[in-house]
Amino acid sequence: MTVKASGLDPDARLRRYPWVSRALNAEAVYGTVLTAGLISAFSLYNPGLPGLIARTVGTVLVFWGAHVYAEIVGNREMSWREAVREALQRSAGLLWAMIVPVVCLAAAAVFGLSMDAAINISLWGAVVTLALLGWWAARQRGATLLAKFATAAGTAGMGVALIALKTLVH
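About the cut-offs
Residues numbered from 1 in each chain as written. Predicted model: local features only at pLDDT ≥ 70, side-chain atom pairs only at ≥ 80, totals over all residues. Heavy atoms only, no water. Helix = DSSP H or I, 4+ residues; strand = E, 2+ residues; numbered from the N terminus. Buried < 20%, exposed > 50% of the residue type's maximum accessible area, 1.4 Å probe, protein only. Contact = heavy atoms within 4.5 Å. Areas by Shrake-Rupley, 256 points an atom, 1.4 Å probe, with all protein chains shown as cover. Salt bridge = Lys/Arg side-chain N within 4 Å of Asp/Glu carboxyl O. Expected span 1.5 Å × (residues − 1). Core = buried A, V, L, I, M, F, W, Y, C linked by side-chain atoms within 4.5 Å.

1. Regarding the overall build of the protein
Okay, so step 1: Scanning the protein from N- to C-terminus turns up eight helices and two strands.
Okay, so step 2: Along the protein, helices and strands appear, N-terminal first, in the series β-β-α-α-α-α-α-α-α-α.
Okay, so step 3: Within the protein, the proportion of its 170 residues that are buried is 35%.
Okay, so step 4: Restricting the contact set of the protein to residue pairs at least 6 apart, pairs at least 24 apart contribute 66%.
Okay, so step 5: For the protein, the exposed surface amounts to about 9,800 Å²; the carbon and sulfur share of it is 68%.

Below, the structure is given as structure tokens:
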């Protein structure tokens, strides 16, 4: 952490690693909601935790590939090389987004938790991730504390909605 005129600079590390900041984007929100939705939907078929993880990761990878391809095709004003680089950078958030929910599933499997407990932990992990993404977005815009909480609650609300839908379906 560096010191700037007004005190400590909490964003110094992120400036050193700009790919982190670029991955915390709309695609990360979309990827988190997608991953949580897939976990919820695939859990209806009771494939076991390894099967649930494999199906979720495989499906997110297909969505990521389609997203990258669509970005490349859509960037007509860039060279192919620039379009590929831009698409991979913009779409990275979609892949990063599945880490928390999938790691929660894997950890639950390692600790021998039930399928239901693993799914619930994973979905709540997605809710926390969404809240953090919302907070980060508001923070990047220099929002007030109230706006940060409201944005975090709004993005987390998408995850809570998925949990509510899962509860209704099960």
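Having put the structure on the table, let's press on.
2. Things to note about the pattern of salt bridges
When the charged atoms of two side chains with opposite charge come close together, those side chains can pair.
Okay, so step 1: Counted by the stated rule, this structure contains two salt bridges.
Okay, so step 2: Of the charged contacts in the structure, one is a salt bridge between R90 and E27, with a shortest N-O distance of 3.1 Å. One end of the pair, R90, is in helix α5 (residues 80-96); the other, E27, is in helix α3 (residues 26-43), with 63 residues separating them in the sequence.
Okay, so step 3: Residue R90 is joined to E71 by a salt bridge in which the shortest nitrogen-to-oxygen separation is 3.4 Å. One end of the pair, R90, is in helix α5; the other, E71, is in helix α4 (residues 49-74), with 19 residues separating them in the sequence.
Okay, so step 4: Looking at R90, the relative accessible area reads 32%, which means it is partly exposed.

3. With respect to α4
Three- or four-residue spacings in an α-helix give side chains the same orientation, since the helix completes a turn every 3.6 residues.
Okay, so step 1: In this model α4 runs 37 Å from its N-terminal to its C-terminal C-alpha over 26 residues, within 8% of the 38 Å that 1.5 Å per residue would give.
Okay, so step 2: Packing partners of the buried residues in α4 comprise α3, α5, α6 (99-110) and α7 (115-140).

4. Quick notes on the nonpolar core
Okay, so step 1: In terms of nonpolar packing, the biggest core is built from 23 residues, with I39, L49, L52, V60, L105, I119 and L123 touching the most fellow members.
Okay, so step 2: Elements represented by at least two residues in this core include exactly α3, α4, α6, α7 and α8 (145-169).
Okay, so step 3: Among residues more than four places away in sequence, those in contact with I39 are L52, T56, P101, L105, I119, S122 and L123.

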